[in-house]
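Tertiary structure, described
Residue strings, one per chain:
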Amino acid sequence: MAESSVELIVKDYYLGFQTAPYAGGIQKVGVGVTLSCVARGVPDPDYITWYKGITKLSATNTELAIDSVAKGDKGDYYCVAGNDYGTIYSPTVSLQVQYLDQEFDPVTCMKAQETDGDVQMISCTTDNLEEGNVFTLKCNGPDGWPYPKTTWYLNDDPISGDVSGASGMDPTPNQYGDLVFPWGDPSQSGKYGCQVTNDEASYSNYNTPFVVNVSPAEDTSVDNAKTAEWLVQPNDVIVAQHTPVTIACIVSSYPAPEYEWTFNGNVLQSFIGSKELTFAKRLLTFDLIDNDSAGDYICTASNDVDSKSSGFKLQVATRPDIKNTAIFKIGFIGNETEIDLVEITGEPFPTIVWTFNGEGIQMGDRIKLIDERILRIDPTQATDQGVYQATATNKAGSAQHALYLKIEEKLEFIEQPQSDPLYVAQYSTVVFPCKVRGTPPPTIYKWSRQDHGNEPFNGLPARAFENEAHSLVIPYSQTWDNGTYICNVTNEYFDFIWASGQLVVIEPPSIVIPPQDYNVNDFGDQSTLSCKCEPQAVALEKCIVEFRRDGVKVSGVGITTKELDFSSQLIISNTQEDHLGVYECYGSNKFGSASAVAYITKSNTPYMITKPESTMSMSSRSSVELACGAIGSPEINYVWRLNQIGSAVPITIDPTSNITDSRFTVLGTGTLVIDGAVGSDSGTYTCYASNPYGQTSISTTVTINDKPDKPVEPWVSEIKQITNTQFSAKVNVKVYEEANTVTKYLLAATDGSTGTTTTVPLTWSSGNPYTWTNLEAHSYKFSVVLQNSIEASASSEKSGAVDMADFSTIPATCVTNVAYQSTNTSLTWDRMDDASVLKYKVYYRAISDDSSSHESLGEVSSSVTTLSLAGLASLIANTEYHFQVVPVLANAKEGLYSEPIKSRMPASTPPAPVIAKDFDHTTDPEEIIVNFNNEWTATAGVLKEYKLFFNRKDQYNTKTEEVSDVLRRRKKRATLSPVTIDFAAKNKLITGLTPGETYEFSLVAENTAGDVSERSAVTEGATNEGLPGVCNINFLEGSGRNAIEVKWSKPDIENGHIEGYYVYYRLDNSFSDVAAKVQVDATTLSKNVTGLEEGFTYEFAVSSFTTAGEGGLTSWESMTPRSKSIPNKMDVPTVEIVSWNTITVWWVLNDDGLTGIDTFTIYLEGAITKGGQSSYVIPNRNDRYTEINSLDEDTSYALSIVATNNIGSSLRSNFVEFRTPKKPIYLRVWVAGTITGCFTLLFLILFAVLFYVFIYKKHTKPLLIQKKDKDSKPPFTNVITRGGNDNRSLVLGNPGNFGSERYSARDTGPRPDNYRTDYQMGEMDNRARQPSADNFSYNSAAKPAKKIYDDDDRYPASQASYKPTDPYTKQQDPYYQPQYDPRYDDDDRYNDNFNDRRYDDDDRYSDNNNNNRTYNGSRAPAARQADEGGFVIDNPAAARFSQI
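Being a predicted model, the structure only gives us computed values, none of them experimental.

Moving on to the overall build of the protein. Scanning the protein for helices and strands turns up 4 helices and 108 strands. For the protein, with 1444 residues in total, the buried portion stands at 42%. Taking the intrachain contacts of the protein between residues at least 6 apart in sequence as the baseline, contacts between residues at least 24 apart amount to 63%. If you sum the accessible surface of the protein, you get close to 74500 Å²; carbon and sulfur atoms cover 49% of it.

We now examine the sheet that holds strand β87 (residues 943-952). Read from one edge to the other, the open sheet built from 4 strands follows the order β88-β87-β90-β91, with strand pairing classed as antiparallel. Edge positions in the open sheet fall to β88 (979-982) and β91 (1019-1022), since each of these has one partner strand only. On average, each strand axis in the sheet is inclined to that of its neighbour by 35°, with strand direction left out of account. Relative to β88, β87 runs antiparallel, the two being bridged by 4 bridges. Following the sheet pairing, Lys947 is matched in β88 by Thr980.

With that settled, the discussion passes to the confidence of the model for the protein. Low-pLDDT portions of the prediction should not be read for the details of their coordinates. Mean pLDDT for the protein: 75, with 75% of residues reaching 70 or above. In the model of the protein, helix α1 (residues 2-11) stands out as the element of lowest mean pLDDT, 24, in contrast to strand β46 (residues 430-432), which has the highest, 94. Note that pLDDT drops below 50 for residues 162-167; the model gives that stretch 17 contacts with residues more than four away or on any other chain. Considering only residues more than four positions removed or in separate chains, one finds that residues 1260-1362, a stretch of pLDDT under 50, has 171 contacts.

What follows is about the side chain of Ser310. With respect to the secondary-structure elements, Ser310 resides in strand β34 (residues 307-323). A residue is classified by how much of its surface remains accessible, and Ser310, at 4% relative accessible area, is buried. For Ser310, the side chain forms a polar contact with the main-chain oxygen of Pro234, separated by 3.0 Å. Beyond its immediate stretch of four places on either side in the chain, Ser310 contacts Trp230, Gln233, Pro234, Tyr297, Ile298 and Cys299.

Here we take up the state of the cysteines. Counted under the stated rule, the structure contains 8 disulfides. Cys109 shares a disulfide with Cys124; S-S distance 1.6 Å. One disulfide, between Cys109 and Cys124, carries an S-S torsion of -100° and so falls in the left-handed class. Taken together, the residues span a long stretch of sequence, with Cys109 in strand β11 (residues 108-115) and Cys124 in the loop between β12 (118-123) and β13 (129-130) at a distance of 15 residues. In this structure, Cys109 and Cys124 share a single accessibility class: buried. Through a disulfide, Cys531 is tied to Cys585; the S-S separation comes to 1.8 Å. On the S-S bond that ties Cys531 to Cys585, the torsion sits near 65°, and the link is right-handed. Taken together, the residues span a long stretch of sequence, with Cys531 in strand β55 (residues 527-534) and Cys585 in strand β60 (residues 581-589) at a distance of 54 residues.

It is worth spelling out the packing of aromatic side chains at this point. Summed over the entire model, instances satisfying the criterion amount to 32 aromatic pairs. With centroids separated by 6.3 Å and ring planes inclined at 15°, the aromatic side chains of Phe328 and Tyr404 adopt a geometry described as stacked. With a gap of 76 residues between them, Phe328 in strand β35 (residues 328-332) and Tyr404 in strand β43 (residues 397-408) connect regions that are remote in the sequence. Ring centres of Phe664 and Tyr685 lie 6.5 Å apart, and the angle between their planes is 25°; on these two criteria the pair is classed as stacked. Of this pair, Phe664 sits in strand β67 (residues 664-666) while Tyr685 sits in strand β69 (residues 683-691), and the two are 21 residues apart along the sequence. The exposure classification of Phe664 matches that of Tyr685, with both residues buried. One aromatic cluster in this structure is built from Trp261, Phe263, Tyr297 and Phe312. Looking at Lys410, its charged tip hangs above the ring of Phe332, at a distance of 4.3 Å from the centre.

On to the side chain of Thr49, then. Tracing the chain through its elements places Thr49 in strand β5 (residues 47-52). What Thr49 contacts, discounting residues up to four positions off in sequence, is Lys56, Ala59, Tyr78, Cys79 and Val80.

Bringing the pattern of salt bridges into the picture now. Applying the stated criterion across every chain yields a total of 21 salt bridges. Residue Asp296 is joined to Lys313 by a salt bridge in which the shortest nitrogen-to-oxygen separation is 2.7 Å. Residue Asp296 is found in strand β33 (residues 295-302), and its partner Lys313 is found in strand β34; the two are separated by 17 residues along the sequence. With a relative accessible area of 43%, Lys313 lands in the partly exposed category. Two residues, Asp1194 and Arg1219, come together in a salt bridge whose shortest N-O distance is 2.8 Å. Residue Asp1194 is located in the loop between β104 (1185-1188) and β105 (1196-1204), and its partner Arg1219 is located in strand β106 (residues 1216-1219); the two are separated by 25 residues in the primary sequence. Judged by its relative accessible area of 29%, Asp1194 is partly exposed. A relative accessible area of 43% means that Arg1219 is categorised as partly exposed. Here the residues in one salt-bridge network are Lys839, Lys841, Glu859 and Glu894, joined through shared partners.

Attention now goes to the pairing of β5. Sheet topology note: the β5/strand β8 (residues 75-83) ladder contains 6 bridges and is antiparallel. Bridge assignment links Ile48 to a residue of β8, and that residue is Ala81. Bridge count between β5 and strand β6 (residues 55-56): 2 bridges; the pairing is antiparallel. When the sheet's bridge partners are listed, Lys52 is paired in β6 with Thr55.

A few words on the sheet that holds strand β40 (residues 367-370). Read across the sheet, 3 strands follow the order β36-β41-β40 without closing on themselves; strand pairing throughout is antiparallel. Two strands lie at the open edges of the sheet, namely β36 (337-340) and β40, each paired on one side alone. Along the sheet, successive strands turn relative to each other by an average axial angle of 20°, direction set aside.

A separate point is the pairing of strand β80 (residues 837-846). Note on strand geometry: in a regular strand, side chains alternate between the two faces of the sheet. Judged by how many residues are buried, β80 sits mostly within the fold: 8 of 10 residues are covered. Direction of pairing for β80 relative to strand β81 (residues 855-861): antiparallel, over a ladder of 6 bridges. Pairing of Lys841 across the sheet is with Glu859, part of β81.

Scoring rules and cut-offs
Residues numbered from 1 in each chain as written. Predicted model: local features only at pLDDT ≥ 70, side-chain atom pairs only at ≥ 80, totals over all residues. Heavy atoms only, no water. Helix = DSSP H or I, 4+ residues; strand = E, 2+ residues; numbered from the N terminus. Buried < 20%, exposed > 50% of the residue type's maximum accessible area, 1.4 Å probe, protein only. Contact = heavy atoms within 4.5 Å. Areas by Shrake-Rupley, 256 points an atom, 1.4 Å probe, with all protein chains shown as cover. Pairing = 2+ DSSP bridges. Axes fitted to C-alpha atoms, helices over the stretch in contact; angles between N-to-C directions. pLDDT = per-residue confidence, 0-100. Polar contact = N/O pair within 3.5 Å; in protein donor to acceptor, adjacent residues only side chain to side chain. Disulfide = S-S within 2.5 Å. Phe/Tyr/Trp six-rings, centres within 6.5 Å; stacked < 30°, edge-to-face > 60°. Lys NZ or Arg CZ within 6 Å of the ring centre and 35° of its normal. Salt bridge = Lys/Arg side-chain N within 4 Å of Asp/Glu carboxyl O.

Set out below in structure tokens:
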């Protein structure tokens, strides 16, 4: 549960801002400002990063503090927060800084100069201004925010508009703060300075004024009028909201003009709101422009001579703003990415300029603007990652918005499971690829199996694993691995992608009809073999069948094969001896193969079915097996012969065989085994198989490649001097086992002085020893190479040095008769009869070490001819050595080496190894690792190998398991021992064991001499348990209205001891994988699941579990709970008297949850009148009370209750007795009058009936109501008659044919004995009424009640479609099955198919039985019954006819 909670939190992760940055707005320089940003998330955010525009700040706390605001701090601020699951960006807050710089630049002067009709502004100085010039002074004041207002001063006095010359035109400030001189006049000369002011401060440049000196014109008279000319003509203007502005309207004319301004058609006065006309109305000044100031303006300047008028539009501009736009976006490579400035405000609409990483963007086909506010990039590339900034600008200012575009590569599959189902053969390895690329790269790969999410390992098989490439690998696939496997891939930004693949594991085909052995009596007969193969998935792959012999498809003359999709037939029309043998029916498809074998044989005669290879070549000393096997009857006897072909005497083996070596063994199956074959074993081997009916044989040629072993080094036994410089040496060569195969040898002598080697090739027959002549007086060492018919041996070691130069000072012969004495572990030799011999020295060399040289073992005096080898440290036990004895002279010179003697040092008994108690295990429950150690000693010889013995410990839990269960579980071999282990190993992996079983292990050590240690102590080790296989649900059985019993069998593969079972159940079609789970003990293979809802279908599945975990689920099986037995007897109900004729009955539900109850029936015993009933059915099984009325007053009753379900009814409950009270007096009077009236009416009706019956009807003739052909409704006559002397009686035809209603009594008069023969059966209508033509109708009292069951309590044929209504669903129960009595047909008649043929289909006594239709007293059926009136009842089991 803990994991689920964590996972839930992770899935519902969030990251948001509790407090976004605030404290923006307008701040003054020098004050402290703190921007706050608080983020929250699960898990908590790892970091917070601050940005100003696109510049990353160093602050990483939740607060960004600016201790002293400077004008450079103006800008847009935001923060970024992130945790393991993502990154978010806060909204942007703008910080405006209020300031005004102090530094002034010098005032500059520009004047208009006309040149060839073109007016240009040129710099002017104090000395080049003349009267009539038009010039402008620029203040060049400091920067500030809000935008500062400029005021001009002349000689330290503010200019108010009254500085005018002869022209009457004063210098006037324009909207930019410049001072415009429309007509230069000497009176305007002086010192000009300016002052700039905003909300922050006010500064002036009075101390550095600009001196204006206007020179008077030569002719100062102004006699002539001057036409009006525009000096400053107002045009359309856009002004930022809440900023000051001045609009100039200046005309040059003489006399000086008068000015008039209109706004939207109305003449403006000097002051109107925030508007002010100054400088002789030449300037329109707004202290702070607002929206009310926008409109149409006209400025008119006029005098008596001329006038000028100029209209313009004033538009109020609002500062641009970019709103509701993200500051972070992710784009994917190859896709289209749009950066959308969602909301842009500003009047007029601002122009947008885009930059990328601070540089302009080159627009083109790939990057383009859509409606200025959308930047579209298509396709997106990795180089597009960076900061995109949009700057919106209009007259009121500008706004900037930065967005960081992160480029990722959307997750995309490189390799994924195929879309079509993957069909694979069973036991194959399945690989579902899942390789994804993207940016950021995928970080989570998760495999699951659909509809198995609640199972261990996400529903994946326990042996499945994910490899390094994230592919899902399912080794050793099984059919229960089928399903849809899903690979889910996610990266750190939760980009998600998935792919699925369906796995269908198909089992190999099977041979469903194997071929049968075919035996021919004689050669020439036809042989036929047939077989059929069945694939597991017919729709996917057929099964191709063919017959093979020795792995090759059978064909040849007289051989016919008929091969269909699933079967094959082999026909050999003329069977001969070479046709006899083994035939394989081989069926295969891409999912595997299956085969079965059969033999074609000839009666009795032996036939060889197992044959050796025709030729065999083996290495020396290997074990050779020559196969031989035959079939025939009686028993076959086998004889092997070597290089001897001929008939063999049957029955016995050894007396007729020329193979007698004990290395040869003939097995009972006929196979010959040669243990340690050598070259002499080569030859032709013939196996004879015989019985009294004949003999057959098979031969094979065996070649044993017997390369000679490395020989012992030669030795020189005698030296002779031929001349002073020439010597001869008798060189001996010793051969052991190879003596009978060596054909020649190569003898070599190496000169110790020159280093040269001389060789002499010799045949073995040339003699041994070989006398080597012409040897010089040098030192020689001899070696030999042996050769047989196969190849040469390795060269022997070189002999000890023989120095011919010392010939005169050493004995001429060697020590002889050197022997090894095993009794006392010593060497002995013959004493040399040479006085010069001082002592004997013994040399040795280990045979197993080819590189070893002769080493001195010890010395003894010349009088001693034996040396004990026991206990010598230089000799290793159980090791073979060559020993040689050399005489040593007094001059310390050594003589000739003796013949090498081979012997093995005895070994002490090897120590027993010890098996560790701690065993290791692999992931395979059938494997265990045995650890061991051994304290080996040198005296134990050379360790060769270990042999491990083990067997399963035969133990079982008698409380939980029978011996048969244990044996059934143990499908593995109990032992695979002994297992040979290399001498250097310290542990051994044992495979193929039974999971969950205890094994006993013991170990022995063996040296190279074959000595074996004692067995180690038995150590017990247990294999791990694995996941069990899949159980099988045998059947489901309803065990009650709310219970179902589930029964299952154990899994075929237990992989250990089953600890228990899980029974899963859920509603069918619940669209949910969630199922309830019930644990069951291992000893139980069934579970009664209770608490279910009757009428709902449930699904059930079963799994088993071991200590290793839970195995696979069975397939889901469904069933609906139903009642199983009749309800239990009800408790005594409770009666409450409501009135004189009404009671309320209460009862308690007595249901054990298994039987179920559909209805209740209440029975009353006592007098009931006025239409009351003797029983009351309560159809709603949920009711626990009912009201009964119409009871008699002052009457005693006994009441009981019965519960009914679909099986039957319970026993009646015990009675509860009660008495109704008397009727109130006012009701008695009314009832008495009513009764009197009713009796009078009944009397009149009775009189009319008697008159009709005894007077009118008695004198009428019989009337044929209806007559049909006798065969129209066989086998009875469909007529009804009345008349004669018995008009009182009515005979019923076949009432069962028309429903189950009964007939009421007509008459109780006597009936004649021949009643049945006098009246034929008549046909009734569908309501079992008399035909209308008869007027003999039934009164209402005779009309039967509409009941589900007829009077016989039989299910009527007309109600066959009846299905009871479920009180919960209000729908008919689709599962309801009527309970028919099979003895009765649809007409509720006794069925003549049930052992009693005395009754025909009419339920009448059959005329086939004594040919008598009359039902008299003596001929009536033995089982008949009669009612009170003597009326015979045809069907005694059903009481078909009521009293008439």
